[in-house]
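# Reading the structure
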Amino acid sequence: MDAVSGVGVLDKASLLLEVMELGPASLAELVERTGLKRPTVHRLATALERLRLVARDRRGRFVLGPRLGDMAVEAGRDRLVAAAGPVLDGLRDRLGVSARLYRRHGDLRVCLAAAECGAPSPLVPVGAALPMHAGAAAQVLVAWEAPELLFQSLRGARFTAATLTCVRQQGWAQTVGEDAGDAGHETAAVAVPVRGPGNRVVAAVCVAGPVSRLGHRPGRRHGAAAIDAAVQLGAGLTV
């Protein structure tokens, strides 16, 4: 064990998690690798499972649970926002349109950071909460969800499951004409996923501006630039 707290039950639980960190493990394997007694391993592993710190795979083996991923995402949120400023500024300057970072919060997508280009692009202030039923960023934040959550998110959405399949294949989402700018200009947008620990989609980078600048196929024209920015941000979450 790399670290010891001095609190017996915590150290034993940590030992179990260290084994699972190397891959799925059956109850017998946990007993063998930790040297703990079988009743102790079973009691701790099932308690960790109830807390979602441990889960089971299809073969019933113990694996690290989804709550650990949630914690890693939350731990990286401040780093993500701190790193977003210069990355979004560079994307805005490169494409000449607004660049934003969105994160999903329930049925809303919240703007965490933005580099605004100004008129004729519509302005989205940091902290703005927008609906999840439309928009390129919403598509990206939904596309890689678990199937049961994905289909729930499709209720009332302007996009379809087929649209999200294309998003996953392309690696980006695009919209044209869904929103109008402050001056009535038709708006285009392209969004790409930011991936954190475990390759989870934790946010979306989105560039938006007038069709006259982004074109009617913004994904093909500018998807690569947005992906570069998202990869740069994601890299800071996995170090």
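The structure we're discussing is the one just above.
Residues numbered from 1 in each chain as written. Predicted model: local features only at pLDDT ≥ 70, side-chain atom pairs only at ≥ 80, totals over all residues. Heavy atoms only, no water.

This part covers a nonpolar patch on the surface. Taken together, Val7, Val9 and Leu10 make up a surface patch of nonpolar side chains, about 250 Å² in accessible area. Turning to its location among the elements, Val7 is positioned in the segment before helix 1 (8-21). (Patch = residues over 30% accessible without salt bridge, like charges linked within 9 Å, V, L, I, M, F, W, Y side chains within 5 Å. Areas by Shrake-Rupley, 256 points an atom, 1.4 Å probe, with all protein chains shown as cover. Salt bridge = Lys/Arg side-chain N within 4 Å of Asp/Glu carboxyl O. Helix = DSSP H or I, 4+ residues; strand = E, 2+ residues; numbered from the N terminus.)

According to the stated counting rule, one finds seven salt bridges in the structure shown. The salt bridge partner of Arg61 is Asp57, with a shortest N-O separation of 2.7 Å. For Arg61, a relative accessible area of 22% gives the class partly exposed. Between Glu145 and Arg104 there is a salt bridge, with the nearest N and O atoms lying 2.3 Å from each other. Remark: Arg104 occurs in strand 3 (residues 98-105) and Glu145 occurs in the loop between helix 5 (136-143) and helix 6 (147-153); sequence separation between them is 41 residues. Taking the relative accessible area as the measure of exposure, Arg104 reaches 24% and is therefore partly exposed. Ionic contacts of the salt-bridge type, sharing partners, join the residues Asp89, Arg92 and Asp93 into one network. (Buried < 20%, exposed > 50% of the residue type's maximum accessible area, 1.4 Å probe, protein only.)

Further remarks concern the pairing of strand 7 (residues 186-195). For strand 7, the tally of buried residues reaches eight of ten residues, placing the bulk of the element in the interior. The sheet contact formed by strand 7 and strand 8 (residues 201-210) spans nine bridges and is antiparallel. Bridging across to strand 8, Val192 finds its partner in Val205. From the end of strand 7 to the start of strand 8, which pair antiparallel, there are five residues, and Gly198 there has a positive phi angle of about 75°. (Pairing = 2+ DSSP bridges.)

This part is about helix 1. Given a rise of 1.5 Å per residue, 14 residues ought to cover 20 Å, and the 20 Å separating the end C-alpha atoms of helix 1 matches this to within 8%. When helix 1 is considered as a whole, its buried residues turn out to be Asp11, Ala13, Leu15, Leu16, Val19 and Met20. The first or second residue beyond helix 1 is Gly23, which carries a positive phi of 145°. (Expected span 1.5 Å × (residues − 1).)

Judged by nonpolar contacts, the single largest core of 30 residues is most densely connected at Leu88, Leu91, Leu101, Val194, Val205 and Leu233. Put simply, the parts of the chain that give this core at least two residues each are helix 4 (66-95), strand 3, strand 4 (108-115), strand 7, strand 8, helix 8 (211-214) and helix 9 (218-235). In terms of residues, this core owes the most to one element, helix 4, which gives six residues. Those residues in contact with Leu101 that sit more than four places away from it in its chain are Leu80, Ala84, Leu88, Val110, Cys111, Leu112, Ala113, Val194, Ala203, Ala204, Val205 and Leu233. By size, the runner-up hydrophobic cluster in this structure holds 24 residues, among which are Tyr102, Cys111, Ala137 and Val142. (Core = buried A, V, L, I, M, F, W, Y, C linked by side-chain atoms within 4.5 Å. Contact = heavy atoms within 4.5 Å.)

Right, let's talk about the pairing of strand 3 for a bit. A large share of strand 3 lies buried, amounting to six of its eight residues. Pairing of strand 3 with strand 8 involves five bridges; the strand directions are antiparallel. What sits directly across from Arg100, in strand 8, is Cys206. Relative to strand 4, strand 3 is paired through seven bridges, and the arrangement is antiparallel. By the bridge assignment, Arg104 is partnered in strand 4 with Arg109. Here strand 3 hands over to strand 4 after two residues, with Gly106 in that stretch at a positive phi of 65°.

The next subject is unusual backbone geometry. For Arg52, which is not glycine, the phi dihedral falls at a positive 65°. Mapped onto the fold, Arg52 is located in the loop between helix 3 (38-50) and strand 1 (54-56). Using a relative accessible area of 41% as the deciding quantity, one classes Arg52 as partly exposed. Positive phi is not limited to glycine here, since Asn199 has a value of about 65°. For Asn199, the position within the fold is in the loop between strand 7 and strand 8.

A few words on the packing of helix 1 against helix 2 (residues 27-34). Helix 2 packs onto helix 1 with a crossing angle of 115° between their chain directions and a minimal axis gap of 10 Å. As far as their axial angle goes, helix 2 and helix 1 are roughly perpendicular. For the element pair helix 1 and helix 2, the recorded crossing hand is right-handed. Here Leu15, Leu16, Val19 and Met20 of helix 1 come into contact with helix 2, specifically with Leu30, Arg33 and Thr34. Residues of the contact of helix 1 with helix 2, tallied by class, amount to five nonpolar, one polar and one charged. (Axes fitted to C-alpha atoms, helices over the stretch in contact; angles between N-to-C directions. Parallel < 35°, antiparallel > 145°, perpendicular 65-115°, else oblique. Left-handed = near helix turned anticlockwise from the far one by under 90°. Nonpolar A, V, L, I, M, F, W, Y, C, P; charged D, E, K, R; others polar.)

Remember that the coordinates give geometry; whether it matters functionally is a separate question.
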